[in-house]
Amino acid sequence: MTESLYIHIPFCNRICTYCDFNKVLIKNQPVDQYLDALIAELEGIEQTNFRTVFVGGGTPTALTEAQLDRLLTVINNRFDITEEFTFEANPDELTPGKLDVLNTHGVNRVSLGVQTFNEDLLKVLGRSHGYRDIFNAIDHMEKIGLNNYSLDLMYNLPGETMDDLDDSLSHIASLKPKHVSWYSLIIEPHTVFYNQIKKGKMTVDDDDVEARKYLYVIDGLDALGYPQYEISNFSMPQYESEHNKTYWKNEPYYGVGAGSHGYIDGTRYYNIKPVNHYIEAMRESGNVVKEKIILEKKAQMEEEMFLGLRMNKGVDMARFGQKYGPIEDVYGEVLARQIAAGHLEQHSGYVSLTQKGRLVGNTVFMDFLLD
Ligand code: SF4
């Protein structure tokens, strides 16, 4: 049984300077035709029960109220969502009208793209929202009782100081969101930031400063009652992102929409990315999958380790055993080596990264590659 479904809305009202997600500027896009294709893809899924559904992007809240209502009505009619129904939102787009539509259709969690509370840094990031929009969106959510929301932030921003991190921490202390995602800015090729760095017009923190900021964020959030549960995710007890845990536990999921990917029966599939090609393919053949990769057992075991070690709880050794056979038979030597190096530890049936291991996570992950 596949517990999770991801739905992709690839439109944004403005393109941020750091973004390399699969998205396009919404202006002049065939949004209604995209929804036709997306709905046809959703209707092709036979399973009707999901524990978690996540609508992400792009920015799903770039859709109009009528478009949101249309999409959510289809989701409601087709699927029974038993636990977590998350919608990604930008603060300036989370109007009372759109929130009403989400609320009416049973969305029970919002992932709010705040990024930073510093107005100047928001401008550097090219975000469409300003400082005040964040509080307006939160006010609107709280007024209708939708108080299960995540604040999604970034650190390691150009020109960011430790005071900016303190400022974000103090806002978290007063707003008391249920969940915080706090990612380090990654400079990706084909972004405005990448080009600015190449031309010497912008610099970002070196690795030491980045590591110091990371530890500062972890400790600061922990002190506020948000223990880390994944490399970049923190929550109050009982409010971890159930949907994202599906990915980290290497469990199957469906992905629907342009550029989405899914993982079903040991096969990863990747949908066509460009919006127009996705629409055309759905119209012409009803097949929007561009590529399928059947993962051999070796690749499945490697992914189980890479993904599972992202979580503080780590990899469930009994679960690994049920899926692939005893973990010691496959990774006995690696586990012994990394535990001796102080990078891994074993506890109550799990193997996980230590604090020291988390700082050199990629090196540890490499050790789990099988010949
Ligand atoms: S709103 Fe999100 S998806 Fe859209 S450009 Fe900005 S970061 Fe990328």
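Everything numeric here is computed off the predicted structure, so don't read it as measured data.

Calculation notes
- Residues numbered from 1 in each chain as written.
- Predicted model: local features only at pLDDT ≥ 70, side-chain atom pairs only at ≥ 80, totals over all residues.
- Heavy atoms only, no water.
- Near = heavy atom within 4 Å.
- Nonpolar A, V, L, I, M, F, W, Y, C, P; charged D, E, K, R; others polar.
- Helix = DSSP H or I, 4+ residues; strand = E, 2+ residues; numbered from the N terminus.
- Expected span 1.5 Å × (residues − 1).
- Buried < 20%, exposed > 50% of the residue type's maximum accessible area, 1.4 Å probe, protein only.
- Arc of directions from axis to C-beta.
- Contact = heavy atoms within 4.5 Å.
- Pairing = 2+ DSSP bridges.
- Phe/Tyr/Trp six-rings, centres within 6.5 Å; stacked < 30°, edge-to-face > 60°.
- Lys NZ or Arg CZ within 6 Å of the ring centre and 35° of its normal.

What follows concerns the site of the ligand. Lining the immediate surroundings of the ligand are C12, R14, I15, C16, Y18, C19, F21, K23, G58, T59, N90 and R127. Here the residues of the shell around the ligand are counted per class, giving six nonpolar, three polar and three charged.

This part takes up helix α6 (residues 162-175). Side chains three or four residues apart in an α-helix point the same way, a direct result of the helix having 3.6 residues per turn. An ideal rise of 1.5 Å per residue puts 20 Å on 14 residues; α6 measures up with 20 Å between its terminal C-alpha atoms. Every buried residue belonging to α6 is among D164, L165, S168, L169, H171, I172 and L175, and all of these are buried. One side of α6 holds all its buried residues, which, seen down the axis, span an arc of 160 degrees. Exposed residues on α6 whose side chains face more than 90 degrees from its buried face are D163 and S174. The secondary structure elements touched by the buried residues of α6 are α4 (119-124), α5 (131-143), β7 (149-155), β8 (179-184) and α8 (207-223). K176 occupies a position one or two residues after α6 and carries a positive phi of about 55 degrees.

In space, the three strands of this open sheet follow the order β15-β17-β16, with antiparallel pairing throughout. Each of the sheet's edge strands pairs with one partner strand only, and the pair in question is β15 (315-316) and β16 (344-347). In the sheet, β16 pairs with strand β17 (residues 350-353) via four bridges, with the strands oriented antiparallel. Looking across to β17, one finds that L344 is bridged to L353.

Let us now look at the packing of aromatic side chains. Throughout the structure, instances matching the rule amount to 14 aromatic pairs. Considering the side-chain rings of F11 and Y34, the 5.3 Å spacing of their centres and the 85 degrees angle between planes classify their relative orientation as edge-to-face. With F11 in strand β2 (residues 11-12) and Y34 in helix α1 (residues 31-43), this residue pair connects regions lying 23 residues apart in the sequence. For F11, a relative accessible area of 0% gives the class buried. Judged by centre distance (6.2 Å) and plane angle (65 degrees), the ring pair of F320 and Y331 falls under edge-to-face. Separated by eleven residues along the polypeptide, F320 in helix α12 (residues 317-324) and Y331 in helix α13 (residues 327-340) bring together distant segments of the chain. Y331 shares its class with F320; the two are buried. Positioned above the aromatic ring of Y239 is the side chain of K178, whose terminal nitrogen or guanidinium carbon lies 5.4 Å from the ring centre. Note that R268 overlies the ring of Y263, its terminal NZ or CZ placed 4.1 Å from the centroid.

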